[in-house]
Amino acid sequence: MKRKREGKEEMDIVWQTPANPPHPHDYITRNGIRFVRPYYFEFIAHVKNRWAGKTIVDLFAEEFKGRPYEYYVGAVKCGRIQVDGEMVPVSYIVKSSQKISHFVHRHEPPVMACDVPILQKEPDVLTVCKPASIPVHPCGQYRKNTVVGILQAEHGLAPLFPVHRLDRLVSGLLILARNAAKADIFRQQIEAGLVHKQYIAKVVGAFPEDELIIDANIDYNAREGRSTAEVGGSAKGKAASTKFTRISTNGTQSIVLCEPITGRTHQIRVHLQYSGHPIANDMLYISEQTVDRSVKGLSADRSACISDASLASNFDDKVLNACEENSNGGFSIDPMCTNCPNLAPKGYDADEEGLWLHCIRYSGPEWTYECPYPDWAKLS
């Protein structure tokens with residue numbers, strides 16, 4: 001797609017799709033933080049039945065509240081929002097199943113600038129030590145700032161099929177199949193209960209010396225981004241069980257071996273909280289007070305949902321017909337972008353650290369993969 005500058009020749013903008021692989025030059029490292037150079041990206045969706053009959057502008061303004069109404073008016077006028085590959089007027093009424101494209105200047109949240117160490121490289125399997133703060137695969141606002149993206153950019157390893165998932169703030173062993181057939185074998189073993197998972201955590205207090213098994217249902221609240229553990233006949237959520245064994249303690253904190261028997265969202269974290277010994281730096285579960293992440297904007301995946309109506313004044317006719325590029329420390333500023341001139345997306349809280357929760361071992365029928373212990377696992 002091209003944009004015309006006033007009094008200047010046309011310029012080319014390269015719009016990326018999921019088929020565009022990450023490259024080393026896509027990343028910018030500043031003060032120990034890995035950023036992704038903002039890039040133009042095409043989001044594609046198909047009109048749902050409940051969207052049909054709305055104008056193209058109203059559809060976006062009502063369903064995607066992360067940008068002001070005036071932005072969507074401008075985006076339709078200049079062709080950044082299209083229907084079935086064509087520009088349409090702002091009054092256009094959408095029909096069910098039509099393809100809608102939104103071309104955006106995409107800013108990904110930053111992560112800690114850690115290497116992704118390769119532990120074992122086999123013909124069908126790759127194991128790595130996942131750093132905290134980096135998501136495993138594309139999700140939410142993350143695409144290139146992921147383990148899969150970084151491995152492709154820095155080592156040319158693709159395709160990769162994550163066998164299991166670690167939460168973004170969790171570190172440790174990550175197993176990736178190098179083909180779909182091997183991934184399916186792992187999936188069948190996990191579903192059959194043949195895979196044994198082991199993690200370690202640093203928790204508050206002197207953990208009980210005897211083995212402890214927590215059987216408590218886990219109810220996940222997607223809006224708050226946290227789970228609760230419940231027992232008894234009125235317990236909601238899904239059945240969950242975790243075995244805990246103390247490795248060491250100094251009386252103030254303990255290192256605990258965690259062996260989840262089921263796999264629920266935040267299972268280890270919430271079961272440790274339920275035991276009275278939450279992970280020592282887990283601010284989401286270290287107190288009973290619910291943190292409303294959706295309001296405070298502390299969840300990186302939700303950071304694009306912070307709208308700023310004051311940005312509306314930027315969208316005048318000159319901006320709609322221009323795409324002036326200005327250098328800002330190695331990336332281009334887009335005058336229509338609601339995140340520029342910042343490198344990170346708005347609403348992102350960069351002051352975070354990895355959880356003291358680390359995957360150390362996965363084992364199954366005739367195979368075992370391990371990861372070294374982290375530095376925080378040593379108690380003084």
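Model, not experiment: these values are computed from the prediction.

Caption draft 1: Layout of the overall build of the protein. Along its length, the protein carries seven helices and 20 strands. Every one of the 380 residues in the protein was classed for burial, and the buried ones make up 47%. Here the protein displays about 18,100 Å² of accessible surface, and carbon together with sulfur accounts for 49% of that area.

Caption draft 2: Layout of the pattern of salt bridges. Tallied over the entire structure, the rule returns 14 salt bridges. Measuring nitrogen to oxygen at the nearest pair gives 3.6 Å for the salt bridge that ties K54 to E63. You can call E63 partly exposed: its relative accessible area is 26%. Here E211 makes a salt bridge to K243, at a shortest N to O gap of 3.9 Å. Here E211, found in the loop between β13 (196-204) and β14 (212-215), pairs with K243, found in strand β17 (residues 241-249); they are 32 residues apart in sequence, far enough to count as distant. The class of K243 is partly exposed, set by a relative accessible area of 24%.

Caption draft 3: Local environment of the sheet that holds strand β5 (residues 39-46). One open sheet accounts for three strands, arranged β5-β7-β6; its pairing is antiparallel. Each edge of the open sheet carries a strand with a single partner, namely β5 and β6 (81-83). The average angle at which neighbouring strand axes cross in this sheet is 20 degrees, direction not considered. In this structure, β5 lies alongside strand β7 (residues 99-106), joined through eight bridges in antiparallel fashion. From the neighbouring strand, A45 faces β7, where its bridge partner is I100. Contacting β6 and β7, helix α1 (residues 56-63) crosses the sheet at an angle of about 60 degrees to β7. Contacting β6 and β7, helix α2 (residues 69-77) crosses the sheet at an angle of about 110 degrees to β7.

Caption draft 4: View of a nonpolar patch on the surface. Taken together, the side chains of V204, M283 and I286 present a nonpolar region at the surface, about 250 Å² in accessible area. M283 sits in the exposed class, given a relative accessible area of 58%.

Caption draft 5: Region of the structure containing the environment of P131. Its location among the elements puts P131 in the loop between β10 (125-130) and α3 (147-155). Beyond its immediate sequence surroundings of up to four residues, P131 is in contact with C114, D115, V116, R168, V170 and S171.

Caption draft 6: Main features of the UniProt feature "active site" (unreviewed entry) in the protein. Annotation from UniProt places "active site" (unreviewed entry) at D167. One can find D167 in the loop between β11 (161-162) and β12 (171-177). Once you skip the residues sitting within four places of it in the chain, D167 turns out to touch K130, H266 and R269.

What counts, and at which threshold
Residues numbered from 1 in each chain as written. Predicted model: local features only at pLDDT ≥ 70, side-chain atom pairs only at ≥ 80, totals over all residues. Heavy atoms only, no water. Helix = DSSP H or I, 4+ residues; strand = E, 2+ residues; numbered from the N terminus. Buried < 20%, exposed > 50% of the residue type's maximum accessible area, 1.4 Å probe, protein only. Areas by Shrake-Rupley, 256 points an atom, 1.4 Å probe, with all protein chains shown as cover. Salt bridge = Lys/Arg side-chain N within 4 Å of Asp/Glu carboxyl O. Pairing = 2+ DSSP bridges. Axes fitted to C-alpha atoms, helices over the stretch in contact; angles between N-to-C directions. Contact = heavy atoms within 4.5 Å. Patch = residues over 30% accessible without salt bridge, like charges linked within 9 Å, V, L, I, M, F, W, Y side chains within 5 Å. UniProt positions renumbered as here; feature names shortened; annotations may be inferred.

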